[in-house]
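A look at the structure
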Amino acid sequence: MAKDMTLLWGSGSPPCWRVQIALEEKNLQGYNQKLLSFEKGEHKSKEVLEINPRGQFPAFKHKNTIVNESCAICFYLENQFKSQGNQLIPEGAAEVGLMYQRIFEGQILGQKIADVVRYTKKVPEAERHDSAVKRNREALKQEIQTWDGYLKGSDGYLSGKSFSLADVIVYPVVAFFFRLGANESHYPNLAAYYNKLKVRPSIKKTWPQYWLEAPGQEQLKDL
Amino acid sequence: MAKDMTLLWGSGSPPCWRVQIALEEKNLQGYNQKLLSFEKGEHKSKEVLEINPRGQLPAFKHGKIILNESYAACLYLENQFKSQGTQLIPEGAAEVGLMYQLIFEAQPLAQKIGEVLYYNWKVPEGERHDSAVQRNKEALKEEMKIWEGHLQGCGDFLVGKSFSLADVIIFPVFAYFIRNGGSEERYPNVAAYYKKLRDRPSIKKTWPPTWIDGPGMGTLKDI
């Protein structure tokens, strides 16, 4: 089962990380995996392109089934391995609904973080504007304040009382946000969620190694 | 069940349309619904903000459960009403994997269409560049080629032999592309898929009312 799985991944990438968390949660340790380097351009290597023609991580294969979108992999794993490991889709309509809602809102959050921190990678120099930079920061600030609100008075997890696919998918984005220098005191409820889940076994085990070795960036420290 | 559901929607919006298709497929006719106008700014009205503080459509409620992200609503409906209507998640690991892969791969597709079509809405005048417009068009063209490839040798449906969440979610995006001038000659596989499914009852019944009156704008004709 896990032996029939292969994951090509890069360190510090929230999409890769969420797949690793899902594999741990579903007791699928022992999968084949290879850590590759974004910096060295290995995401565009032949090895990756053979699984993911888009040249992106994660690239994932289970026997002959290829799934490369990280959320797709997480849903696939829960669907196929429902009865083993932790149940990642809760019981109860309200929890299920909230789980799905937060998963897809999580993508908006991820996008707004990327709009800020990847601005100079995505926008050619001649097209950059301070007004755009400012607007992207404001949009991220509003978004993250919304998430801080979601976690106010929360039962501890994004969908209610139990750890779910919403946490698998969104936690890495939240951790990335703090890794980029965001101030925990500005977003106390989100910080509490971040710190509480840091020690969950599946998360602790798969924490990006590079983040343990080197200090974080500071792009979001004034947000 | 359906009587406890409310959908606020706008005509011609793929996210709204996919929720309507899902409701039909799951035999949930009879839900409360209200057609609102984007042009009149009704997506920012109090009525919408009460369900969706983001001021976006669709805004969907089932009892007290709120699902404003269209993917979330579709996945929720299949999860909660699995045993009625059409089964929207197939059997078989390969089909399930492909379904989830395509669903999430469709997000960059919809994003790239938006970046071309909504450029002038999203980008303030002082920040617009012909180079960006050009780049967005090229990116969409590359993305459409990928999908044209995905549909090569495809049967009547995106995944295997049966209609699935992949069709619910993605058909509206292709229909939107063609409605906005996308070329059926340049993308014959996409066009063939579109023609095969447009008479499916759930799709025909929920066809955007504003599309029946006449042809759309040709903004995407050069893609």
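Residues numbered from 1 in each chain as written. Chains lettered and ligands numbered in written order. Predicted model: local features only at pLDDT ≥ 70, side-chain atom pairs only at ≥ 80, totals over all residues. Heavy atoms only, no water.

With respect to the domain arrangement of chain B
Residue and element names in this part refer to chain B. Each domain of chain B was delimited in the assignment, giving domain 1 (5-80) and domain 2 (93-211). On a C-alpha basis, the centroid separation for the pair domain 1 and domain 2 is 20 Å. Each partner contributes to the interface: domain 1 provides 17 residues, whereas domain 2 provides 23 residues. Across the domain 1-domain 2 interface, the total number found is two salt bridges. The salt bridge involving Glu25 is made with Arg200; its shortest N-O contact spans 2.7 Å. (Domains from an automatic or database assignment. Contact = heavy atoms within 4.5 Å. Salt bridge = Lys/Arg side-chain N within 4 Å of Asp/Glu carboxyl O.)

Examining the nonpolar core
As a rule of thumb, nonpolar side chains are buried together in soluble globular proteins. The biggest cluster of nonpolar side chains holds 142 residues, and the ones touching the most others in it are Leu77, Tyr100 and Phe177 of chain A together with Tyr100 of chain B. Looking at this core, the element that brings in the most residues is helix α7 (residues 165-179) of chain B, giving 12 residues. For Tyr100 of chain B, the contacting residues outside a window of four places in its chain are Ala72, Phe75, Tyr76 and Asn79 of chain A together with Leu75 and Ile89 of chain B. (Core = buried A, V, L, I, M, F, W, Y, C linked by side-chain atoms within 4.5 Å. Buried < 20%, exposed > 50% of the residue type's maximum accessible area, 1.4 Å probe, protein only. Helix = DSSP H or I, 4+ residues; strand = E, 2+ residues; numbered from the N terminus.)

Notes on the UniProt feature "domain: GST C-terminal" (unreviewed entry) in chain A
Per the UniProt record, the feature "domain: GST C-terminal" (unreviewed entry) sits at residues 89-223 of chain A. Regarding residues 89-223 of chain A, the helix share stands at 64% and the strand share at 0%, and the terminal C-alpha atoms are separated by 33 Å. (UniProt positions renumbered as here; feature names shortened; annotations may be inferred.)

Concerning the pattern of salt bridges
For the coordinates displayed, the defined rule picks out 25 salt bridges over all chains. As a salt-bridge pair, Glu143 of chain B and Arg54 of chain A come within 2.7 Å of each other at their nearest N and O atoms. Taken together, the residues span two chains, with Glu143 of chain B in helix α6 (residues 130-150) and Arg54 of chain A in the loop between α2 (46-51) and β3 (59-62). Assessed through its relative accessible area of 16%, Arg54 of chain A is described here as buried. With a closest N to O distance of 4.0 Å, Lys196 of chain B and Asp156 of chain B form a salt bridge. Here Lys196 of chain B is found in helix α8 (residues 188-197), whereas its partner Asp156 of chain B is found in the loop between α6 and α7, with 40 residues between them in sequence.

Examining the pairing of strand β2 (residues 32-36) of chain B
Residues in a regular strand project their side chains so that they alternate between the two faces of the sheet. All names here are of chain B. The pairing of strand β1 (residues 5-10) with β2 spans five bridges and is parallel. Directly across from Trp9, in β2, lies its bridge partner Leu35. As a crossover connection, the stretch from β1 through helix α1 (residues 14-25) into β2 is right-handed. (Pairing = 2+ DSSP bridges. Right-handed = clockwise from strand over helix to strand, strands pointing away.)

As for the domain arrangement of chain A
All names here are of chain A. Looking at chain A, the domain boundaries give domain 1 (2-81) and domain 2 (93-213). One C-alpha centre belongs to domain 1, the other to domain 2; they are set 21 Å apart. With 15 residues of domain 1 at the contact, the number on the domain 2 side is 22 residues. Summed over both partners, the interface of domain 1 with domain 2 comes to about 1600 Å²; 74% of that surface belongs to carbon and sulfur atoms. The interface formed by domain 1 and domain 2 holds two salt bridges in total. Across the pair Lys205 and Glu24 runs a salt bridge, and its minimum N-O distance is 3.1 Å. One can count five residue pairs in polar contact (both at pLDDT 80 or more) joining domain 1 with domain 2. Among the elements that take part in the side of domain 1 that touches domain 2, helix α1 (residues 14-25) stands out by supplying eight residues, more than any other. (Buried area = accessible area lost by both parts, 1.4 Å probe. Polar contact = N/O pair within 3.5 Å; in protein donor to acceptor, adjacent residues only side chain to side chain.)

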